[in-house]
Amino acid sequence: MALLEKETTAAVPATGAAVIRKVIQVVGELLMTVGIVLLLFVAWQLWWTNVESNAKQSEVIKDFAQNLAVPGGNPVPAPAATSPVDYGPPKVAEAPGHGVTIGIMYIPRFGADYTRPIVQGTSADVLDTLGLGHYNGTAMPGAIGNFAVAGHRQTHGAVLDNIHTLVPGDKIYVQTRDGYYVYIFRNNQIVLPSSTDVLLPVPTQPAATPTEGYLTMTSCNPRFGSEERIIAYSVLDHWQPASAGPPAEIATQVARALGKG
């Protein structure tokens, strides 16, 4: 009996060790599974959402181009004069309904192929799919006041991924059915998400009355976070009607975007 008791006693720790090894194995497999799921989620966020959004935004631009091919539109873009011509006060359209395309934005600093639709509204159904969202209640392109838009920086098309690379003096072009509005980048600012005063008619100046047109672009900061917001401010320099063709600097981009080049 004494020998049997020793053998039984010796088996206990062996069985316990096996259980521990099994638990470690299961936990390890679970951690590996979680890791794979997280990697797939990151891939979905940083890659697939961009693929889907880019495809959808291309469709939006094509639809917008078709709407330009009507009397008063500009179906065949042609280079304009290199020096601005005074076409009088900019034509300003009424804000459309939610989800309706306002126009197209071209930013040469972001690359020769950078063309993004501007759509009314800043809710998820716009920003996560359709491109740049126009803040409700802010000015329209060409108007006195603050034309403010928002866009993602790393996901869902990454429409403002390179917002931090803008240099004072860079031109930002906004095309609508009425014409082309040329804004000159002035400066950027890092603020907290609660700093809604950047959307005021004169950004960050509650008591000021606007006397010129502004373009304010907002996005998350840092590039892979959302703790802050990066704000890029530009000022309206001039405009030209659609009948005059696009500004020379973006004539090729416009032709490609509208399927004419």
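These figures come from a predicted structure and were not determined experimentally. (Residues numbered from 1 in each chain as written. Predicted model: local features only at pLDDT ≥ 70, side-chain atom pairs only at ≥ 80, totals over all residues. Heavy atoms only, no water.)

### A word on the overall build of the chain
Broken down by element type, the chain carries 3 helices and 8 strands. Mapped from its N terminus to its C terminus, the chain presents α and β elements in the order α-β-β-α-β-β-β-β-β-β-α. When the 261 residues of the chain are sorted by exposure, 41% land in the buried category. For the chain, the share of sequence-separated contacts (at least 6 apart) that also reach a separation of at least 24 residues comes to 66%. Counting only carbon and sulfur atoms, one obtains 61% of the accessible surface of the chain, whose full area is about 13,600 Å². (Helix = DSSP H or I, 4+ residues; strand = E, 2+ residues; numbered from the N terminus. Buried < 20%, exposed > 50% of the residue type's maximum accessible area, 1.4 Å probe, protein only. Contact = heavy atoms within 4.5 Å. Areas by Shrake-Rupley, 256 points an atom, 1.4 Å probe, with all protein chains shown as cover.)

### A closer look at the confidence of the model for the chain
Of all residues in the chain, 77% attain a pLDDT of 70 or more, and the chain-wide mean is 83. Every residue in residues 1–12 is under pLDDT 50, and counting partners more than four places away or in other chains gives 0 contacts. Across residues 38–45 the pLDDT falls below 50, and counting only partners more than four positions away or on other chains, this stretch makes 6 contacts in the model. (pLDDT = per-residue confidence, 0-100.)

### Things to note about the environment of V182
Residue position: V182 is located in strand β6 (residues 179–191). You can call V182 buried: its relative accessible area is 1%. Separated by 58 residues in the primary sequence, V182 and Q240 place their C-alpha atoms 8.6 Å from one another. Those residues in contact with V182, other than ones at most four positions away along the chain, are K171, I172, Y173, V235, L236, D237, H238 and P247.

### Focus on the layout of surface pockets
Of the pockets and cavities examined, the largest pocket occupies roughly 260 Å³. Lining the largest pocket are 17 residues, and of these Y135, A150, T218, S219 and R229 sit closest to its centre. Contributing elements (two or more residues each) for the lining of the largest pocket: β7 (213–221) and β8 (228–241). Counting residues per element, the lining of the largest pocket draws most heavily on β7, at 3 residues. Tallied by class, residues from the lining of the largest pocket come to 10 nonpolar, 6 polar and 1 charged. (1 Å grid on protein atoms, 1.4 Å probe; cavity = no way out; pocket = protein on both sides within 12 Å on 5 of 7 lines; lining within 4 Å. Points joined across faces, edges and corners; volume = space filled by probe spheres on them. Nonpolar A, V, L, I, M, F, W, Y, C, P; charged D, E, K, R; others polar.)

### What to know about the pairing of strand β2 (residues 115–120)
Counting buried residues in β2 gives 6 out of 6 residues, a clear majority hidden from the surface. Here β2 shows no split at all, with T115, P117 and V119 on one side and R116, I118 and Q120 on the other all buried. Pairing geometry for β2 and strand β3 (residues 132–134), over 3 bridges, is parallel. Note on β3: the bridge partner recorded for Q120 is H134. (Pairing = 2+ DSSP bridges.)

### Examining unusual backbone geometry
Backbone torsion omega between N221 and P222 reads 0 degrees, so that peptide bond is classified as cis. Structurally, P222 can be placed in the loop between β7 and β8. You will see that T204, though not glycine, has its phi angle at about 65 degrees, which is positive. Within the fold, T204 resides in the loop between β6 and β7.

### A few points about the packing of aromatic side chains
Counted according to the given criterion, the structure contains 3 aromatic pairs. Centre to centre, the rings of Y181 and W239 are 5.7 Å apart; their planes meet at 20 degrees, and the pair counts as stacked. Within this pair, whereas Y181 is found in strand β6, its partner W239 is found in strand β8, the two being separated by 58 residues in sequence. Here W239 falls in the buried class, since its relative accessible area comes to 9%. (Phe/Tyr/Trp six-rings, centres within 6.5 Å; stacked < 30°, edge-to-face > 60°.)

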